[in-house]
Amino acid sequence: MIVSVLPGSSAGAAGLRAGDVITGMEGIMHPTLTDYIRFSSTSKPGETLSISIHRNGLETQVPLPLMSKEEWSKLKTQSSRS
């Protein structure tokens, strides 16, 4: 389950929200953090992962754009200052 979404992040851009449950990723049912790390480390920034989520009783597909490590680091730094 997604606990929070950082504004300006890929998850935020994809419309993911706290409370969403990720049920699939690139055809893998019930993916783990390790699955996400594997996909994101072998993909290029700007590429998208296909994510399945469960929200309010409905299952939906969401394209999740990937950020570069530099973009993510900058976003985390800005967020920690807020």
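Look a little higher up for the structure.
Computed from a prediction, not measured in an experiment: that's the story for all the values here.

## Points about the overall build of the protein
So, point 1. For the protein, the helix and strand inventory stands at three helices and four strands.
So, point 2. Walking the protein from its N terminus toward its C terminus, one meets helices and strands in the order α-β-β-α-β-β-α.
So, point 3. Here the C-alpha atoms of the protein give a radius of gyration of 13 Å, agreeing with the 12 Å that 2.2 N^0.38 yields for 82 residues.
So, point 4. By its C-alpha atoms, the protein is 35 × 30 × 20 Å across when sized along the principal axes.
So, point 5. Within the protein, contacts between residues separated by at least 24 positions form 44% of all contacts whose residues are at least 6 apart in sequence.
So, point 6. Total accessible area computed for the protein in this model is approximately 5,600 Å², and 57% of it derives from carbon and sulfur atoms.

## Structural notes on the nonpolar core
So, point 1. By size, the foremost hydrophobic cluster in this structure holds 11 residues: I2, A14, L16, M25, F39, L49, I51, I53, V62, L64 and L66.
So, point 2. Those elements that place two or more of their residues in this core are β3 (48–55) and β4 (58–65).
So, point 3. Examining the composition of this core, we find that three residues originate from one element, β3, more than from any other.
So, point 4. Beyond its immediate stretch of four places on either side in the chain, L64 contacts S10, A11, A14, L16, Y36, E47, T48, L49 and I51.

## Here we look at the packing of aromatic side chains
So, point 1. On inspection of all chains with the given rule, the structure shows zero aromatic pairs.
So, point 2. Residue placement shows R38 over the ring face of F39; its charged tip is 4.9 Å from the ring centre.

The rules we used
- Residues numbered from 1 in each chain as written.
- Predicted model: local features only at pLDDT ≥ 70, side-chain atom pairs only at ≥ 80, totals over all residues.
- Heavy atoms only, no water.
- Helix = DSSP H or I, 4+ residues; strand = E, 2+ residues; numbered from the N terminus.
- Rg over C-alpha atoms; globule rule 2.2 N^0.38 Å.
- Contact = heavy atoms within 4.5 Å.
- Areas by Shrake-Rupley, 256 points an atom, 1.4 Å probe, with all protein chains shown as cover.
- Core = buried A, V, L, I, M, F, W, Y, C linked by side-chain atoms within 4.5 Å.
- Buried < 20%, exposed > 50% of the residue type's maximum accessible area, 1.4 Å probe, protein only.
- Phe/Tyr/Trp six-rings, centres within 6.5 Å; stacked < 30°, edge-to-face > 60°.
- Lys NZ or Arg CZ within 6 Å of the ring centre and 35° of its normal.

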